[in-house]
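# Remarks on the overall topology
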2 protein chains.
Amino acid sequence: MGTTIDHKVIFGIDIGGTTVKCGLFDGEGVLLFSDEIPTRKDEGGSRILSDIEAHIKKICEDRQIVKSNILGIGMGIPGSITEDGVVNKCVNLGWGIFNVKEEMASRTGLKVFVGNDANVAALGEYAKGGGKGYKSMMMVTIGTGVGGGVIIDGKPIFGAHGAAGEIGHIPMVESEKETCNCGKRGCLEQVASATGIVRVASRFLNDSDEPSELRNVQYLSAKAVFDEAKAGDGLALKVVDYVTEYLGRGLAVSAGVIDPECFLIGGGVSKAGDFFIKKIEESYRRNVFYPSRDTAIVTATLGNDAGMYGASQLVLAGL
Amino acid sequence: MGTTIDHKVIFGIDIGGTTVKCGLFDGEGVLLFSDEIPTRKDEGGSRILSDIEAHIKKICEDRQIVKSNILGIGMGIPGSITEDGVVNKCVNLGWGIFNVKEEMASRTGLKVFVGNDANVAALGEYAKGGGKGYKSMMMVTIGTGVGGGVIIDGKPIFGAHGAAGEIGHIPMVESEKETCNCGKRGCLEQVASATGIVRVASRFLNDSDEPSELRNVQYLSAKAVFDEAKAGDGLALKVVDYVTEYLGRGLAVSAGVIDPECFLIGGGVSKAGDFFIKKIEESYRRNVFYPSRDTAIVTATLGNDAGMYGASQLVLAGL
């Protein structure tokens, strides 16, 4: 049972493949409370929205929040979504094609605003995190995959097919022989995601006899690669240089399209910190068209809460 | 001496390296009259703005246009320009760094709106040309160089350093050995501009003994390459395939960033027509992330007038 809340509130919901993060924000977008519920993906993900609906109801009962005080529900969705709210197969949730915005609005009788999770996280960082103070920004989220979100003048760019900011699947690596999850070859994600970094490291280890601490680690992970590179391991450094070369190029092509004021690096891999950012920066400065050479490259600061923050901002912006 | 004009008008000015195109538009953006004056680049390009000022004055005298009927002057500039109007070295004009918007406004006492010529041409095509009916669009202008402009929800994206849409200088060709004008290596422009196409053709001709009609042409041009490819010349076809492969990838990476509803191909090389567009399209569909696979790829329709049209639209949009 929480404290009674008698002012305007917003729900910022971040739907992930494992958990749904639920944030309760005040009318200015300040986080009051958050928790999470499991994402039930069985039965084609049909329980996800009803679980969220029930959870919101419970939070409101606990805190005696009246419906008229709820400004709206913002939701970040892990997949392509149009500005109208139609999802196009969120593979991670088991969803097909339907209008998630309309469905949630009709379930709750509340105003609902939705966006792709990466775009929404970008909006969160823009408003309340590492992007504060910049007018335009591209966030690149490097985790299991590589995603991204573009914000221009405070507005997230969704794209005509909900695929704006999806720089994980831009064609980048001409020499790539293996196929990406998406069916293409040479996607940025294939070398720059956590999985991609491990794949590159395995390949470098197999292709040479160079001694490396990476040959002794029990579990080859992106973190192990960065740790050994920081400790001066030659082969690990080559892996990091290869990966960050392509990440820098990915930012450089993005600058050629939208020329943002700032790039924000988030996601689990960004925990590799300054060492990682400096390497990306070095490649970016070398690969980008000169007018955009000084664009800021910074780390995200909201971590896993960015999605909830961004979802609440969708409501505040009435997007 | 023209007809007397007693209604609201707009001047749409497109400053090029050789001529300045001057369009007189009505208050709805309909072109009433156009002509051009030479671009005098001597003395650091210091005469260009005064020449335009004098020419506008003359047009107004000829048509008895009173100052209060002039809604404003829009100008497209061949170089990077910030949203505030500061140009950053228009190499083609001999200009340094100064605020062209403020200077023109103080010269004329009129409202002045400025933009990069490629962005402005894109706006023209969006409002009155091949982009009509689309909400978001990226225009790629393929001429001596490769430029571009991005329009989202009717607004041109300038970029933090005036370099949005500059996809001529995105890193694309990993195997490129030569240096681009910009100082980098592997820029899209190096293979996809008119000059780049000729360069690729020369290289293909030198690197093989394959018989080709291109060996007999007196003057190797992008047009000759396309003409011979259309006529079935094997080597010319390989050149076109190479060039359009990278152009398709360039559009694919752009889709990964902004996912526009439409790509518009303009500039002199686009005269190669459907044959060219189809080849770009084929590469694009193969290289792009699947949600954006059906994005329209169409040709620009306003030709050299796009810049004037777009400049007039800057005024109408109050940008």
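About the thresholds
- Residues numbered from 1 in each chain as written.
- Chains lettered and ligands numbered in written order.
- Predicted model: local features only at pLDDT ≥ 70, side-chain atom pairs only at ≥ 80, totals over all residues.
- Heavy atoms only, no water.
- Helix = DSSP H or I, 4+ residues; strand = E, 2+ residues; numbered from the N terminus.
- Rg over C-alpha atoms; globule rule 2.2 N^0.38 Å.
- Buried < 20%, exposed > 50% of the residue type's maximum accessible area, 1.4 Å probe, protein only.
- Contact = heavy atoms within 4.5 Å.
- Pairing = 2+ DSSP bridges.
- Right-handed = clockwise from strand over helix to strand, strands pointing away.
- Buried area = accessible area lost by both parts, 1.4 Å probe.
- Salt bridge = Lys/Arg side-chain N within 4 Å of Asp/Glu carboxyl O.
- Nonpolar A, V, L, I, M, F, W, Y, C, P; charged D, E, K, R; others polar.
- Phe/Tyr/Trp six-rings, centres within 6.5 Å; stacked < 30°, edge-to-face > 60°.
- Lys NZ or Arg CZ within 6 Å of the ring centre and 35° of its normal.
- Domains from an automatic or database assignment.
- Polar contact = N/O pair within 3.5 Å; in protein donor to acceptor, adjacent residues only side chain to side chain.
- Least-squares fit on C-alpha atoms with pLDDT ≥ 70 in both.
- Axes fitted to C-alpha atoms, helices over the stretch in contact; angles between N-to-C directions.
- Parallel < 35°, antiparallel > 145°, perpendicular 65-115°, else oblique.
- Left-handed = near helix turned anticlockwise from the far one by under 90°.

## Observations concerning the overall build of chain A
Along chain A, the regular secondary structure elements total nine helices and twelve strands. Relative to its length of 319 residues, chain A is compact, with a C-alpha radius of gyration of 20 Å against a globular reference of 20 Å. Projected onto the principal axes, the alpha-carbon positions of chain A cover approximately 65 × 45 × 35 Å. Counting only residues that meet the buried cut, chain A has 59% of its 319 residues in that class. Sequence separation of 24 or more characterises 60% of the internal contacts of chain A that already satisfy a separation of 6 or more.

## Observations regarding the side chain of Asn287(B)
Mapped onto the elements, Asn287(B) comes out in helix α8 (residues 274–287). A relative accessible area of 9% places Asn287(B) in the buried class. Apart from the residues within four sequence positions on either side, Asn287(B) is in contact with His169(A), Pro171(A), Lys184(A), Glu245(B), Arg249(B) and Ala252(B).

## Observations regarding the pairing of strand β11 (residues 262–266) of chain A
Residues and elements named next belong to chain A. Most of β11 sits out of view: five of its five residues are buried. Taking every second residue as pointing to the same face, both faces of β11 are buried, with Cys-262, Leu-264 and Gly-266 on one and Phe-263 and Ile-265 on the other. The pairing of strand β8 (residues 136–142) with β11 spans five bridges and is classified as parallel. Its bridge partner lying in β11, Met-137 is registered against Cys-262. Relative to strand β12 (residues 296–299), β11 runs parallel, the two sharing four bridges. The partner of Phe-263 across the bridge, within β12, is Ile-297. Between the parallel pair β11 and β12, the chain is carried across by helix α8 (residues 274–287), and the sense of this crossover is right-handed.

## So, the interface of chain A and chain B
On the side of chain B, 45 residues touch chain A, which itself brings 45 residues to the contact. Considering only the surface of chain A that becomes buried against chain B, Glu174(A), Val257(A) and Phe289(A) emerge as the three largest contributors, covering 20% of it. At the junction of chain A and chain B, the tally comes to four salt bridges. Ionic pairing is found between Arg249(B) and Glu174(A), a salt bridge with its closest N-O pair at 3.2 Å. Of all elements in the fold, only β9 (146–152), α7 (234–258) and α8 of chain A reach the threshold of two or more residues within the side of chain A that touches chain B. With nine residues, α7(A) is the largest single contributor of residues to the side of chain A that touches chain B. A per-class count over the side of chain A that touches chain B returns 24 nonpolar, twelve polar and nine charged.

## Some details on the pattern of salt bridges
In this structure the tally under the stated criterion is 36 salt bridges over all chains. A salt bridge links Lys155(A) to Asp153(B), with the nearest nitrogen and oxygen atoms 4.0 Å apart. Taken together, the residues Lys155(A) in strand β10 (residues 155–156) and Asp153(B) in the loop between β9 (146–152) and β10 (155–156) connect one chain to another. We classify Asp153(B) as partly exposed; its relative accessible area is 40%. In this structure, the salt-bridge partner of Asp241(B) is Lys279(B), at a minimum N-O distance of 2.8 Å. Taken together, the residues span a long stretch of sequence, with Asp241(B) in helix α7 (residues 234–258) and Lys279(B) in helix α8 at a distance of 38 residues. In this structure, a network of salt bridges that share partners links the residues Glu174(A), Glu245(B), Arg249(B), Glu282(B) and Arg286(B).

## Some thoughts on the packing of aromatic side chains
Per the stated rule, a full pass over the model turns up 14 aromatic pairs over all chains. Here Phe263(A) and Tyr284(A) contribute two aromatic rings whose centre-to-centre distance is 5.4 Å and whose plane-to-plane angle is 70 degrees, an arrangement assigned as edge-to-face. Taken together, the residues Phe263(A) in strand β11 and Tyr284(A) in helix α8 connect sequence positions 21 residues apart. Here Phe263(A) falls in the buried class, since its relative accessible area comes to 0%. With 5.1 Å between their ring centres and 75 degrees between their planes, Trp95(B) and Phe98(B) make a pair best called edge-to-face. On the basis of relative accessibility, which here comes to 22%, the residue Phe98(B) falls in the partly exposed class. Taken together through their ring pairs, the aromatic side chains of Phe204(A), Tyr242(A) and Tyr246(A) make up a single cluster. Here the basic side chain of Arg63(A) rests over the ring of Phe33(A), its NZ or CZ set 3.9 Å away from the ring centre.

## Quick look at the domain arrangement of chain A
Residue and element names in this part refer to chain A. Domains assigned within chain A are domain 1 (9–123 + 305–317) and domain 2 (132–301). Summarising the inter-unit geometry, the C-alpha centres of domain 1 and domain 2 are found 28 Å apart. Contact residues are listed per partner, giving eleven residues for domain 1 and 16 residues for domain 2. Both sides of the domain 1 and domain 2 interface together cover about 1,100 Å² of buried area, and 58% of this is carbon and sulfur. Looking only at domain 1, the three residues that lose the most surface to domain 2 are Glu-83, Asn-119 and Ala-122, adding up to 44% of its buried area. Counting the contacts that link domain 1 with domain 2 gives zero salt bridges. Counting the contacts that link domain 1 with domain 2 gives zero residue pairs in polar contact (both at pLDDT 80 or more).

## With respect to the relation of the copies chain A and chain B
For the pair chain A and chain B, the relating rotation is 180 degrees, the translation along its axis is 0.0 Å, and the fit reaches an RMSD of 0.0 Å. The superposition operator between the copies reduces to a two-fold rotation axis. Here 100% of the interface residues in chain A have copies in chain B that are interface residues too; the copies meet face to matching face.

## Things to note about the packing of helix α5 (residues 194–207) of chain A against α7(A)
Residue and element names in this part refer to chain A. Contact pair α5 / α7: the axes reach a minimum separation of 10 Å and the direction vectors enclose 130 degrees. Taken together, the axes of α5 and α7 lie oblique to each other. In this structure, α5 meets α7 at a crossing whose hand is right-handed. Contacts between α5 and α7 pair Ile-197, Val-200, Ala-201, Arg-203, Phe-204 and Leu-205 from the former with Leu-235, Lys-238, Val-239, Tyr-242 and Val-243 from the latter. Looking at the contact of α5 with α7 residue by residue, the class counts come to nine nonpolar, no polar and two charged.

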